[in-house]
Amino acid sequence: MAEQMKTLQPRIVLGITGSVAAYKAAELARLWVKSGIAVDVVMTGAACRFIAPLTLQALSGRPVWTQMWEGAQDGMQHIALSRGAQAIVVAPASADFLARVAQGRADDVLSALCLARECPMFVAPAMNVQMWTHPATQRNVARLRADGVNVLGPDSGDLACGETGEGRMLPPEAIAAAVATHFAEETAFGALLAGRRVLLTAGPTFEAIDPVRGLTNRSSGKMGFALAQAAAQAGAEVTLIAGPVTLPTPPGVARIDVTSAQEMADATFARIDRVDIFIGVAAVADYAPAAPAEQKIKKEASESLTLMLRPTVDILAELAQRAPHVFRVGFAAESQNIAVLGEAKRRRKHLPLLIANRAQDAINADDNEVILLDDSGAHPLPRMDKSLLARRLIREIASRWHQWKKTNS
Ligand code: C5P
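Treat the numbers as computed from the prediction; the structure is a model and nothing was measured. (Residues numbered from 1 in each chain as written. Predicted model: local features only at pLDDT ≥ 70, side-chain atom pairs only at ≥ 80, totals over all residues. Heavy atoms only, no water.)

J.: What should I look at first to understand the overall build of the protein chain in this one?
T.: Scanning the protein chain from terminus to terminus reveals 16 helices and 22 strands. Within the span of the protein chain, comprising 409 residues, buried residues form 48% of the whole. A sequence separation of at least 24 residues applies to 66% of the contacts in the protein chain between residues at least 6 apart. When the accessible surface of the protein chain is split by element, carbon and sulfur atoms take 53% of a total near 20,300 Å². Here the protein chain carries 43 positive and 41 negative side-chain charges, and the mean point of each set is 2 Å from the other. (Helix = DSSP H or I, 4+ residues; strand = E, 2+ residues; numbered from the N terminus. Buried < 20%, exposed > 50% of the residue type's maximum accessible area, 1.4 Å probe, protein only. Contact = heavy atoms within 4.5 Å. Areas by Shrake-Rupley, 256 points an atom, 1.4 Å probe, with all protein chains shown as cover. Lys, Arg positive; Asp, Glu negative; His and termini not counted. Charge placed at Lys NZ, Arg CZ, Asp CG, Glu CD.)

Written as structure tokens, this is what we have:
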């Protein structure tokens, strides 16, 4: 089966939208066909006004799709075309098309295909400089990036409208090279933790006071979920022990939902012997009510209420004793002296790596700025989006784990 997969011809769906740069898409199709890639071309109505579908049909040697309902045996070509494709590349991508995809529209064959895709998507914008720099277009592009779409270009230079500035579609060779580089990087990333088992904790915990109330914190779980996703993309077998959050489970990740610190500890200890790497991202409660009430506590207006708290088990610290053979990574959110306090925590919990950040920045945010602390010192990373940061951290963790393994086996 694996051998059969290797010999299958790679296939790209090339989307063409309404822009003068549409003629350059013909060259892009030719480049891919020449390098052995099958190209399925999908054109919007506006694209057909700039270049004839027949040209693309001749170059690709395959039917060109221009209508939602044409030639379909079962009316499902908007889904079928993207299945098994390595990528959808829309070049040129007009301002209108970017807006439509950013909104999740599906009323023409190309945007429906983009919405129904499982594969990576690239867009190469091409438009007048004012259209490109307009806040609406920039909003749409930011939305697309956040949705995981790769935006290639645009270039600066003379534009078809006679004006000069940003908005030229990248040359076909540059688009083909960017797509090839992306796949080479993905392949390398996908091998980083191949065959390794990674266990993570993420999110807050909830410590019951009575059947309806409890103590918790503002952790969103986003960083832990992003790390679980990146670890799975890096080829690892990933188990994610999640506190109470409503985030969707990343593809390819086995999820175990827990509520309290004790449940999180039990779930971790039960699995720790079977893993290579443990990443403790959860904001585990340090204290829990010593004796949660079985019935709802009634309000006694005149009296103050005292809650007796007991310390919870420190999962990470405990793992230094229980599982010294596992590469253990901790997180620390500090409100000040991040590097100093983080390093003290790293030593106290006997961790080869601790990732420290400012609590005010990290909690509930979409981006984060962290410092890696290990035996060789402090290594700050620039601020970035949590999903990008997660991939960077998985690279850092994988390379340290390989080193650590050499001296700890
Ligand atoms: O809460 P603290 O700052 O000590 O958390 C640092 C690290 O220890 C985090 O990675 C967190 O997931 C972990 N931790 C734990 N069990 C606890 C408290 C913290 O695993 N009870």
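J.: Is there a simple way to think about the pairing of strand β12 (residues 237–242) in this case?
T.: Along any regular strand, the residues point their side chains to alternate faces of the sheet. Counting buried positions along β12 gives 5 out of 6 residues, so the element sits mostly inside the fold. Here 6 bridges tie strand β9 (residues 197–202) to β12, and the two strands are oriented parallel to one another. When the sheet's bridge partners are listed, T201 is paired in β12 with I241. Across 5 bridges, β12 lies against strand β13 (residues 253–257) in parallel orientation. Within β13, the residue paired with V238 across the bridge is V253. (Pairing = 2+ DSSP bridges.)

J.: Where do I start with the sheet that holds strand β14 (residues 277–280) in this structure?
T.: Pairing between the strands of a sheet comes from backbone hydrogen bonds, and it takes one of two forms, parallel or antiparallel. As summarised here, the arrangement of the 8 strands in space is β13-β12-β9-β14-β17-β18-β20-β21, forming an open sheet in which the pairing is mixed. With one partner strand each, in any of the chains shown, β13 and β21 (377–380) form the two edges of the open sheet. Averaged over all neighbouring strand pairs, the angle between strand axes comes to 20°, with direction disregarded. In this structure, strand β20 (residues 370–374) lies alongside β21, joined through 4 bridges in antiparallel fashion. (Axes fitted to C-alpha atoms, helices over the stretch in contact; angles between N-to-C directions.)

J.: Please explain the pattern of salt bridges as it appears in this structure.
T.: Opposite charge on two side chains allows them to pair when their charged atoms are near. A complete count under the given rule lists 22 salt bridges for this structure. The shortest N-O distance in the salt bridge between R383 and D367 comes to 3.0 Å. Of this pair, R383 sits in the loop between β21 and β22 (384–385) while D367 sits in strand β19 (residues 367–368); the two residues are 16 residues apart in sequence, bridging distant segments of the chain. Connected through salt bridges with shared partners, the residues R100, R105, D107 and D108 form a single ionic network. (Salt bridge = Lys/Arg side-chain N within 4 Å of Asp/Glu carboxyl O.)

J.: It is not clear to me how the sheet that holds strand β4 (residues 87–93) should be interpreted in this structure. Could you clarify?
T.: What the 6 strands build is an open sheet, ordered β3-β2-β1-β4-β5-β6; its pairing is parallel. At either end of the open sheet lies a strand with only one pairing partner, and these are β3 (64–65) and β6 (150–151). Here strand β1 (residues 11–16) runs beside β4; their pairing, made up of 4 bridges, is parallel. Among the inter-strand pairings, G15 is bridged to a residue of β4, identified as V90.

J.: What is the right way to read the environment of R358 from this model?
T.: Checked against the element boundaries, R358 lands in strand β18 (residues 353–358). Along the backbone, R358 and A191 are 167 residues apart, and their C-alpha atoms lie at a distance of 31 Å. With near-sequence residues (within four places) excluded, R358 lies in contact with E334, S335 and I338.

J.: Quick question: what am I supposed to make of the packing of aromatic side chains here?
T.: Ring pairs (aromatic) are described by centroid distance and by the angle formed between their planes. On inspection of all chains with the given rule, the structure shows 2 aromatic pairs. Between F122 and F183, the ring centres sit 6.1 Å apart and the planes meet at 55°, which makes this aromatic pair tilted. Here F122 is found in strand β5 (residues 121–125), whereas its partner F183 is found in helix α10 (residues 172–190), with 61 residues between them in sequence. On the basis of relative accessibility, which here comes to 1%, the residue F122 falls in the buried class. Overall, F183 belongs to the partly exposed group, its relative accessible area being 23%. Measuring from centroid to centroid gives 5.3 Å for F327 and W404, while their planes differ by 70°, and the two rings are edge-to-face. Note that F327 is positioned in strand β17 (residues 327–334) and W404 in helix α16 (residues 386–407), a separation of 77 residues in sequence. (Phe/Tyr/Trp six-rings, centres within 6.5 Å; stacked < 30°, edge-to-face > 60°.)

J.: Help me understand unusual backbone geometry, please; the structure alone is not making it clear to me.
T.: Leaving glycine out, the prevailing phi sign among residues is negative, and the prevailing peptide bond configuration is trans. Of note, the bond from A91 into P92 is cis; its omega dihedral lies within 30 degrees of zero at 0°. Here P92 shows up in strand β4. With omega at 5°, the peptide bond leading from G153 into P154 counts as cis. Turning to its location among the elements, P154 is positioned in the loop between β6 and β7 (155–158). In this structure, N337 is a non-glycine residue whose phi angle is positive, near 45°. Tracing the backbone shows N337 in the loop between β17 and α14 (338–348). Here H350, not a glycine, exhibits a phi torsion of approximately 55°, which is positive. Residue placement: H350 occurs in the loop between α14 and β18.

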